[in-house]
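Spelled out from the first residue to the last, the chains are:
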Amino acid sequence: MTSPHASESAPFGRVLTAMVTPFASDGSLDTDAAQRLATHLVDAGNDGLVVSGTTGESPTTTGEEDGRLLAAVLEAVGDRATVVAGVGTNDTRHSVELAAQARTTGAHGLLLVTPYYSKPPQSGIVDHVTQVARAGVDVPVMLYDIPGRTAVQIAEPTYTELARNPLVVAVKDAVGDLERGAWIMRETGLCWYSGDDAANLPWLAVGAAGIVSVVGHVAGRQYAEMVAAVDAGDLPAAREINDRLLPVVRAIMTHTQGAITAKAAMQLLGVIEHRTMRAPLPAATDDEVTTVRDALVTAGLLTN
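Residues numbered from 1 in each chain as written. Predicted model: local features only at pLDDT ≥ 70, side-chain atom pairs only at ≥ 80, totals over all residues. Heavy atoms only, no water.

If you check an unreviewed UniProt entry, the chain appears there as 4-hydroxy-tetrahydrodipicolinate synthase from Aeromicrobium halocynthiae. The record held by UniProt for the chain lists under Subunit (unreviewed entry) the comment "Homotetramer; dimer of dimers." Under the UniProt heading Function (unreviewed entry), the entry covering the chain gives this text: "Catalyzes the condensation of (S)-aspartate-beta-semialdehyde [(S)-ASA] and pyruvate to 4-hydroxy-tetrahydrodipicolinate (HTPA)." (UniProt positions renumbered as here; feature names shortened; annotations may be inferred.)

Pasting the structure below:
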């Protein structure tokens, strides 16, 4: 299925939120809540969603749950937003199964994180990506480079090799090296997406196609306006938006895991009923909820 926002310069759209996975109070997957959340996020300015990513607690969901979640989100918003399925694991066979399932279900794209914990050599990364992309058949792939979580970084020559695969079209960057990323963009033609909300504006300024955000749960429209300002060459306007969102970025991204605080924010805004997490991640404490609430109020995103 083709993304409604696909273009050569931004194959997955411009502003994507890495969506939390709603659970009921007993910890079971709540697909009805997921559909309400997905609809809210798209209505609020996001033109894309990533499901079953890190923020979606993918290490704790089963393949069957990933399939049901993807189907529910596609049913809710697949005709007006890019829906990308996270299929990255440290088991190539399992990622292949997830990619095939995502393709059959109708995902517009695949997010493929570098295999974590196993610390494969670069040749292993190439083989992993090649096998998963083949299983996705014709679904475009966004690589996810986040060595702080995986302990492995994709090397520049590896990017050059992977870019020869026509299905590998983009990168979600959480490495944080602007010069390196700009160079790889220049040399490979891969489209770049910021994978770190604190660096969204700098990445856009050096040519990133868009962002894959956690803070987009509460600021999708503002980020869309920031992208538009950068496109128009209006750096002061883009900086003003970025500055206004800094308290929210700090509250959601620096005090604990973003999945925890993003669920707290969605509960505060009345979008989801429960902020239930799956172990080993705990639900937000009352103090953490207060921190998020105060930041949302400061940024004008929540009425006190």
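Back to the write-up after that little detour.
This part takes up the overall build of the chain. Counting its secondary structure elements, the chain contains twelve helices and eight strands. A compact globule built from 304 residues would reach a C-alpha radius of gyration of about 19 Å, and the chain, at 18 Å, matches this within 12%. Along the longest, intermediate and shortest principal axes, the C-alpha atoms of the chain span 50 × 45 × 35 Å. Taken over 304 residues, the chain has a buried fraction of 54%. Accessible surface for the chain amounts to roughly 12400 Å². Of this, 49% is attributable to carbon and sulfur atoms. (Helix = DSSP H or I, 4+ residues; strand = E, 2+ residues; numbered from the N terminus. Rg over C-alpha atoms; globule rule 2.2 N^0.38 Å. Buried < 20%, exposed > 50% of the residue type's maximum accessible area, 1.4 Å probe, protein only. Areas by Shrake-Rupley, 256 points an atom, 1.4 Å probe, with all protein chains shown as cover.)

Interaxial distance between helix H10 (residues 235–253) and helix H12 (residues 286–298) falls to 8 Å at its minimum, and their mutual angle equals 165°. Relative to H12, H10 is oriented roughly antiparallel. As for how H10 packs across H12, the hand of that crossing is left-handed. Between H10 and H12, the residues in contact are Pro247, Val248 and Ala251 and Thr291, Val292, Ala295, Leu296 and Thr298, respectively. (Axes fitted to C-alpha atoms, helices over the stretch in contact; angles between N-to-C directions. Parallel < 35°, antiparallel > 145°, perpendicular 65-115°, else oblique. Left-handed = near helix turned anticlockwise from the far one by under 90°. Contact = heavy atoms within 4.5 Å.)

Over the atoms, a rolled probe matching the size of one water molecule traces out where space is still vacant. Taken as a whole, the largest pocket holds about 880 Å³ of empty space. In terms of lining residues, the largest pocket is bounded by 41 residues, among which Gly53, Thr54, Thr55, Tyr144 and Arg149 are the most central. Residue assignment for the lining of the largest pocket shows that the elements contributing at least two residues are helix H3 (92–105), strand S4 (109–113), helix H5 (147–150), strand S8 (210–213) and helix H11 (258–268). With three residues, H5 is the single largest residue contributor to the lining of the largest pocket. Partitioned by chemical class, the residues of the lining of the largest pocket number 16 nonpolar, 18 polar and seven charged. Reported here for the second largest pocket is a volume of approximately 200 Å³. Lining the second largest pocket are 14 residues, and of these Met1, Thr2, His108, Asp138 and Pro140 lie nearest its centre. Partitioning the lining of the second largest pocket into residue classes produces seven nonpolar, five polar and two charged. (1 Å grid on protein atoms, 1.4 Å probe; cavity = no way out; pocket = protein on both sides within 12 Å on 5 of 7 lines; lining within 4 Å. Points joined across faces, edges and corners; volume = space filled by probe spheres on them. Nonpolar A, V, L, I, M, F, W, Y, C, P; charged D, E, K, R; others polar.)

To continue, consider the packing of helix H9 (residues 216–231) against H10. Here H9 crosses H10 at 150°, and the two axes come no closer than 9 Å. For the element pair H9 / H10, the angle class is roughly antiparallel. Pair H9 / H10 crosses with left-handed handedness. Residues Val218, Ala219, Gln222, Tyr223, Glu225, Met226, Ala229 and Val230 of H9 touch H10, and the partners they reach there are Ala237, Ala238, Ile241, Asn242, Arg244, Leu245, Val248, Val249 and Ile252.

What follows concerns the nonpolar core. Met19 and Val218 are the most contacted members of the largest nonpolar core, which totals 79 residues. Val218 has contacts with Val248, Ile252, Ala265, Met266, Leu269, Leu296 and Leu301, leaving out every residue within four places of it along the chain. Core analysis: the next-biggest nonpolar cluster, separate from the first, contains 16 residues, Val50, Val113, Ala170 and Tyr193 among them. (Core = buried A, V, L, I, M, F, W, Y, C linked by side-chain atoms within 4.5 Å.)

Next up on the list: the sheet that holds S8. Taking strand neighbours around the barrel as the criterion, the eight strands line up as S1-S2-S3-S4-S5-S6-S7-S8 in a closed arrangement whose pairing is parallel. Across the sheet, the mean angle separating the axes of adjacent strands is 25° when strand polarity is ignored. Sheet topology places strand S7 (residues 191–194) next to S8; two bridges connect them, and they run parallel. When the bridges of S8 are listed, Tyr193 appears paired with Gly210. Contacts between H9 and the sheet are confined to strand S1 (15–18) and S8, with S1 contributing the most and set at about 160° to the helix. (Pairing = 2+ DSSP bridges.)

Moving on, we come to empty space enclosed by the protein. The final tally for this structure, using the stated rule, is one cavity of 30 Å³ or more. Around the largest cavity, the lining residues are Val51, Ser52, Asp66, Gly67, Leu70, Ala85, Gly86, Val87, Leu98, Gln101 and Ala102. Counting residues per element, the ones that place at least two in the lining of the largest cavity are helix H2 (63–77), strand S3 (82–86) and H3. Class assignment of the residues belonging to the lining of the largest cavity gives a composition of six nonpolar, four polar and one charged.

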